[in-house]
Amino acid sequence: MARNDGEERTEEPTPKRLREAREKGQVPRSRELNTLFMLTGAAAVLLVLGPFMGGRLARLFHAGFELERERLMDPTVLVDRLAALIGQGLLLSAPLFAVLLVAAVAGPLALGGWNFSTKALAVRLERLDPIKGLGRIFSVKGLMELAKTLAKFLLVAAVSVAILWSEIDQLPALGREPLPAALAHAGWLCLWSFLLISASLILVAAIDVPFQLWQHRSQLRMTRKEIRDEQKETEGSPEVKGRIRAIQREMAQRRMMEAVPKADVVVTNPTHYAVALAYDAEGQGAPRVVAKGVDHLALRIRALAAEHGVPVVEAPPLARALHALVDLDQEIPARLYKAVALVLAWVYQLDAARHGHRPPPPPPEDLPVPEEFK
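Computed from a prediction, not measured in an experiment: that's the story for all the values here. (Residues numbered from 1 in each chain as written. Predicted model: local features only at pLDDT ≥ 70, side-chain atom pairs only at ≥ 80, totals over all residues. Heavy atoms only, no water.)

J.: Would you mind going over the sheet that holds strand S5 (residues 288-294) in detail, with residue names and values included?
T.: The strand order across the open sheet formed by four strands is S5-S4-S3-S6, and the pairing between neighbours is mixed. Looking at which strands have only one partner, the edges of the open sheet turn out to be S5 and strand S6 (312-314). The average angle at which neighbouring strand axes cross in this sheet is 20 degrees, direction not considered. (Pairing = 2+ DSSP bridges. Helix = DSSP H or I, 4+ residues; strand = E, 2+ residues; numbered from the N terminus. Axes fitted to C-alpha atoms, helices over the stretch in contact; angles between N-to-C directions.)

In structure tokens form, the structure reads like this:
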């Protein structure tokens, strides 16, 4: 098995490895499948259109040997006649050529799909190295190709012998038939024999196609180190990703802290949790959580709120519920509406008391929060 730095290629190829191989023109291909499609397609066309094509071909030959006596001395007659016959012959063979073209394209499409790669057209000088050429010939792949060729030869030979044996009584009878009938009969036997021999390659293609798929997949297998290196190349090293996440957290916390001075109230645990709420009375939405944190971050939120005069209310169950149920910059759920409404009402009363130089109202108690947070 192929090795890389002493490590076996035991891992399946990644999508990136498969995509890069396809860009280089490395796709599974089976010459046996292509041969099967082309031979069976040609045999089918000749069986269907054989009588018509044979009759037209006979007339072309007949016309080619017909020449008026008065035109024999014209030096351009033969060239013109040959060009016309060639054109008619190509037109007559057009259906066969079209089927062969479709079969030649259908074979690769059926196995590896359509793929055009300019990298596969690049000249590689190492292929001209005779030492490497001998290595490819006597490699495991070369031995497999030799075994496959011998097996195909034996199969075709066995089918041909079987066909000849089955028609052994008809072949001598051809000599007793009139010439036109004998030619037609012989042509029919040849076409059917051609189709059966071509169809026998189904067995070869049925073995070769899975082998080519397996071989293509095994050649692209990767070591664990290659997979790790590819992940680092694609996603970055864990250290870099960790640093990026840390920077993102710092930026998110900075934006969150910038929103605390604009909050309407901060609900605390009192020390473990702190959640800042903002409410737009003129808007259509519910109050939103603009900042939240636990422990050290909660202390920072409380300090920032005190610095900017944002009311702070100690309501442990509500603080835990808001921290657990509401994400940052999200509206509070409906089951917390009543509790938050009581807190905001206290904030408005507190603001009115400050402007009226009255004693501050007491904070709300026994707020209606879900039982699991009490």
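J.: Break down the nonpolar core for me, citing the residues and quoting the values.
T.: Grouped together as the largest cluster of nonpolar side chains are 24 residues, with contacts concentrated most on Val267, Leu277, Leu318, Leu322 and Val340. Elements represented by at least two residues in this core include exactly strand S3 (265-268), strand S4 (273-278), helix H12 (316-325) and helix H13 (337-355). Per-element tally for this core: the top contributor is H13, with seven residues. Every residue in contact with leucine 318, bar those within four places of it in the chain, is listed here: Val267, Leu336, Ala339, Val340, Val343, Leu367 and Val369. Within the second largest apolar cluster, 16 residues are counted, among which are Met256, Val266, Ala276 and Ala278. (Core = buried A, V, L, I, M, F, W, Y, C linked by side-chain atoms within 4.5 Å. Buried < 20%, exposed > 50% of the residue type's maximum accessible area, 1.4 Å probe, protein only. Contact = heavy atoms within 4.5 Å.)

J.: Can you lay out the side chain of asparagine 269 for me, pointing to particular residues and giving the numbers?
T.: Within the fold, asparagine 269 resides in the loop between S3 and S4. A relative accessible area of 10% means that asparagine 269 is categorised as buried. Separated by 3.4 Å, the side chains of asparagine 269 and arginine 320 make a polar contact. Ignoring anything within four residues of it in the chain, the contact list for asparagine 269 reads Pro316, Ala319 and Arg320. (Polar contact = N/O pair within 3.5 Å; in protein donor to acceptor, adjacent residues only side chain to side chain.)

J.: An account of helix H2 (residues 31-64) is needed here, citing residue identities and associated values.
T.: When the terminal C-alpha atoms of H2 are compared, their 39 Å separation across 34 residues is substantially less than the 50 Å that a helix rising 1.5 Å per residue should span. Along H2, the sharpest change in direction is near 70 degrees and occurs at leucine 49; proline proline 51 comes one to four residues later. (Expected span 1.5 Å × (residues − 1). Bend = angle between axes of the 7 residues up to and from the residue.)

Nothing here speaks to function; it is geometry throughout.
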